[in-house]
Structures are given as C-alpha cells and as structure tokens.
Amino acid sequence: MAGRTLREEQVSATRELLLTAAERLFAEHGVYAVSNRQVSEAAGQGNNALADWSPEELREPAGLFQRRVDDFLAHTVDEDTEPQPTAPAGTA
C-alpha cells in the first residue's frame with residue numbers, strides 16, 4: 001500500500017485542528033452552545049471547513065472521549081509495565 005497523499009495528510013491535519021478546537025469550545029461553553037462557525041474560526045479554518053460534517057459527526061461525545069483516551073494511553077502506558085491503579089481524588 002502506498003503512503004498517504006498530500007491531500008489525505010491535509011484532510012487529516014484539518015480534522016485534527018477542528019476536533020481540538022471543538023473539544024476546547026465544548027468544554028468552555030457546552031456542546032449545544034457552540035456553532036460550526038465558531039469551531040471553524042477557532043481552528044483557523046474558513047467557514048466551509050465543516051460543510052461536509054454533520055452536527056452529529058462533530059458533536060459525537062464518544063468520538064471526542066475516545067480521542068482523549070487514545071492520546072492518554074499513547075503517552076502513559078509503556079509496553080513493559082502494567083498500569084497501576086490510583087486512589088480516587090481526595091481519598092489518598
């Protein structure tokens with residue numbers, strides 16, 4: 001299989017910018033208080049950046065949550081070590 005094309009790389013990078021902006025804005029203002037235009041502007045993209053995305057696709061909480069879990073695991077779990085449980089906040 002050949003490597004990704006420049007266009008595929010651009011689409012992936014734009015998607016990442018949009019998801020990062022959406023996640024931040026949703027945390028600050030709530031999912032339904034944020035418009036697609038606000039997300040596009042916060043990501044430094046044109047107003048049409050989200051034209052092909054449905055509101056459900058952008059606001060899918062499970063997708064944003066999974067993105068955070070994947071990022072966390074990629075940066076914290078070493079293949080050679082077992083994850084250690086931690087005490088809930090305020091109980092240690």
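That block above? That's the structure.
A brief look at the structure comes next.

Reading the values: rules and limits
Residues numbered from 1 in each chain as written. Predicted model: local features only at pLDDT ≥ 70, side-chain atom pairs only at ≥ 80, totals over all residues. Heavy atoms only, no water. Salt bridge = Lys/Arg side-chain N within 4 Å of Asp/Glu carboxyl O. Buried < 20%, exposed > 50% of the residue type's maximum accessible area, 1.4 Å probe, protein only. Helix = DSSP H or I, 4+ residues; strand = E, 2+ residues; numbered from the N terminus. Core = buried A, V, L, I, M, F, W, Y, C linked by side-chain atoms within 4.5 Å. Contact = heavy atoms within 4.5 Å. 1 Å grid on protein atoms, 1.4 Å probe; cavity = no way out; pocket = protein on both sides within 12 Å on 5 of 7 lines; lining within 4 Å. Points joined across faces, edges and corners; volume = space filled by probe spheres on them. Nonpolar A, V, L, I, M, F, W, Y, C, P; charged D, E, K, R; others polar.

1. A short note on the pattern of salt bridges
Then step 1. Following the criterion strictly, the structure yields two salt bridges and no others.
Then step 2. For Arg-4, the salt bridge identified is with Glu-9, shortest N-O distance 3.1 Å.
Then step 3. A relative accessible area of 47% places Arg-4 in the partly exposed class.
Then step 4. Judged by relative accessible area, Glu-9 falls into the partly exposed class, the value being 40%.
Then step 5. Across the salt bridge formed by Arg-24 and Glu-28, the nearest N and O atoms sit 3.4 Å from each other. Taken together, the residues span about one helical turn, with Arg-24 and Glu-28 both in helix H1 (residues 6–29) at a distance of four residues.

2. Regarding the nonpolar core
Then step 1. Core analysis: the biggest nonpolar cluster contains twelve residues, these being Leu-18, Leu-19, Ala-21, Ala-22, Leu-25, Phe-26, Val-34, Val-39, Ala-43, Leu-50, Trp-53 and Leu-64.
Then step 2. It is H1 that provides the largest number of residues to this core, a total of six residues.
Then step 3. Not counting chain neighbours up to four residues away, the residues in contact with Leu-25 comprise Gly-30, Val-34, Gln-38, Val-39 and Ala-42.

3. Digging into the layout of surface pockets
Then step 1. Put simply, the largest pocket is a space of about 240 Å³.
Then step 2. Taken together, Arg-7, Gln-10, Val-11, Thr-14, Arg-15, Leu-18, Gln-45, Gly-46, Asn-48, Ala-49, Asp-52 and Trp-53 make up the full set of residues lining the largest pocket.
Then step 3. Its residues assigned to classes, the lining of the largest pocket comprises four nonpolar, five polar and three charged.

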